[in-house]
Amino acid sequence: MSVRPILIAPDPRLKLISEPVAEVDDHIRALIADMIETMYDADGIGLAAIQVGEAKRIIVLDVEQKEGGRNPRVFINPVITWNSEATEVMEEGCLSVPEIWDEVERPRAIKAQYLDSHGVPQSLDAEGILAVCLQHEMDHLNGVLFVDHLSKLKRSMALKKLAKAKKLKKAG
Ligand code: NI
């Protein structure tokens, strides 16, 4: 297992549509192990494969880690099969858009189908932070960042702030 570098916006690879995984083999499981290690190393609660440069439909999540213990969840080829009419506004951030947090409105509950790390079909009913995080990561599989949900003005302010932070990092 190894920690991989995380792509930072506006890296064009973050706009790619990720490809479905054809077979869940040892190569895929090695990638998943790296993704989990990378997510914890970066203090994230979710990571999509494209964020480490692999355009594959794989997500890792752990929204419970702050309550102690690690319980990583793996979603391969996830599909949202239902979402509630009711929405919820939550503040989101992203490891590929560091230093920026903003409010995004999404369906508050979802149902999803996916393959687990053994390639076995699974389904999940999620609400609250798990639903938000899964929708955020699924956006990554389709080349969408959470800032793309913001108004034009808010998005350009966020990206300017990010560019400035990057410059400071280079200078420092
Ligand atoms: Ni993200």
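Remember, it's a predicted structure, so these values are computed and weren't measured experimentally.

1. Brief notes about the overall build of the chain
Of the regular secondary structure elements, the chain holds three helices and seven strands. The C-alpha radius of gyration of the chain comes to 16 Å, within 12% of the 16 Å expected for a compact globule of 172 residues. Along the longest, intermediate and shortest principal axes, the C-alpha atoms of the chain span 45 × 40 × 35 Å. Within the chain, the fraction of its 172 residues that count as buried is 44%. Considering only intrachain contacts with a sequence separation of at least 6, the fraction spanning at least 24 residues in the chain is 63%. As displayed, the chain has an accessible area near 9,500 Å², and 53% of this comes from carbon and sulfur atoms.

2. What to know about the coordination of the nickel ion
Taken together, Cys 94 (SG), His 136 (NE2) and His 140 (NE2) make up the full set of protein donors to the nickel ion, lying 2.1 to 2.3 Å away. In terms of primary sequence, the donors binding the nickel ion are separated according to C-x41-H-x3-H. Remark: His 140 and His 136 occur in helix α2 (residues 128-141); sequence separation between them is four residues, near one turn of the helix. Pair check on accessibility: His 136 and His 140 agree, each one buried.

3. What to know about the pattern of salt bridges
Tallying each qualifying case throughout the model produces twelve salt bridges. Of the charged contacts, one joins Arg 4 and Glu 54 as a salt bridge, the two residues approaching to 3.1 Å between their closest N and O atoms. Residue Arg 4 is located in the segment before α1 (26-41), and its partner Glu 54 is located in the loop between β1 (46-48) and β2 (58-61); the two are separated by 50 residues in the primary sequence. Looking at Arg 4, the relative accessible area reads 24%, which means it is partly exposed. We note a salt bridge from Arg 73 to Glu 64, for which the minimum N-O separation is 3.4 Å. The network of salt bridges with shared partners includes Arg 4, Asp 34, Glu 54 and Lys 56.

4. A few points about the pairing of strand β4 (residues 87-94)
Where β4 lies against strand β5 (residues 97-107), seven bridges are found, and the strand directions are antiparallel. Bridge pairing in β5 places Val 89 opposite Glu 105. Taken together, β4 and the strand that follows it, β5, pair antiparallel across an intervening segment of two residues.

5. Here we look at the nonpolar core
Counting 17 residues, the largest nonpolar core has Ile 59, Leu 61, Phe 75, Leu 124, Ala 126, Leu 130 and Leu 134 as its most contacted members. At the level of elements, β2, β6 (109-115), β7 (121-127) and α2 are the ones that each hand at least two residues to this core. Residues in contact with Leu 124, not counting those within four places in the same chain, are Arg 73, Phe 75, Ile 110, Lys 111, Ala 112, Tyr 114, Leu 130 and Leu 134. Core analysis: the next-biggest nonpolar cluster, separate from the first, contains 16 residues, Val 24, Ile 32, Ile 58 and Val 74 among them.

6. Points about the sheet that holds β2
Taken in spatial order, the five strands line up as β1-β2-β3-β6-β7 in an open sheet, and their pairing is antiparallel. Strand pairing shows two members of the sheet lacking a second neighbour, β1 and β7, which therefore form its edges. Pairwise comparison of adjacent strand axes, ignoring direction, gives a mean angle of 40 degrees for this sheet. One ladder, built from three bridges, connects β1 with β2; its direction is antiparallel. Along β2, the bridge assignment pairs Leu 47 with Val 60. Docked against the sheet, α1 engages β1, β2 and β3 (73-83), running at close to 40 degrees with respect to β2. Across the sheet, α2 lies against β1, β2, β3, β6 and β7, angled at about 150 degrees from β2, the strand it touches most.

Scoring rules and cut-offs
Residues numbered from 1 in each chain as written. Predicted model: local features only at pLDDT ≥ 70, side-chain atom pairs only at ≥ 80, totals over all residues. Heavy atoms only, no water. Helix = DSSP H or I, 4+ residues; strand = E, 2+ residues; numbered from the N terminus. Rg over C-alpha atoms; globule rule 2.2 N^0.38 Å. Buried < 20%, exposed > 50% of the residue type's maximum accessible area, 1.4 Å probe, protein only. Contact = heavy atoms within 4.5 Å. Areas by Shrake-Rupley, 256 points an atom, 1.4 Å probe, with all protein chains shown as cover. Donors = N, O, S within 2.8 Å, 3.2 Å for Na, K, Ca; no water. Salt bridge = Lys/Arg side-chain N within 4 Å of Asp/Glu carboxyl O. Pairing = 2+ DSSP bridges. Core = buried A, V, L, I, M, F, W, Y, C linked by side-chain atoms within 4.5 Å. Axes fitted to C-alpha atoms, helices over the stretch in contact; angles between N-to-C directions.

Everything listed is a geometric property; what it means functionally is a separate question.
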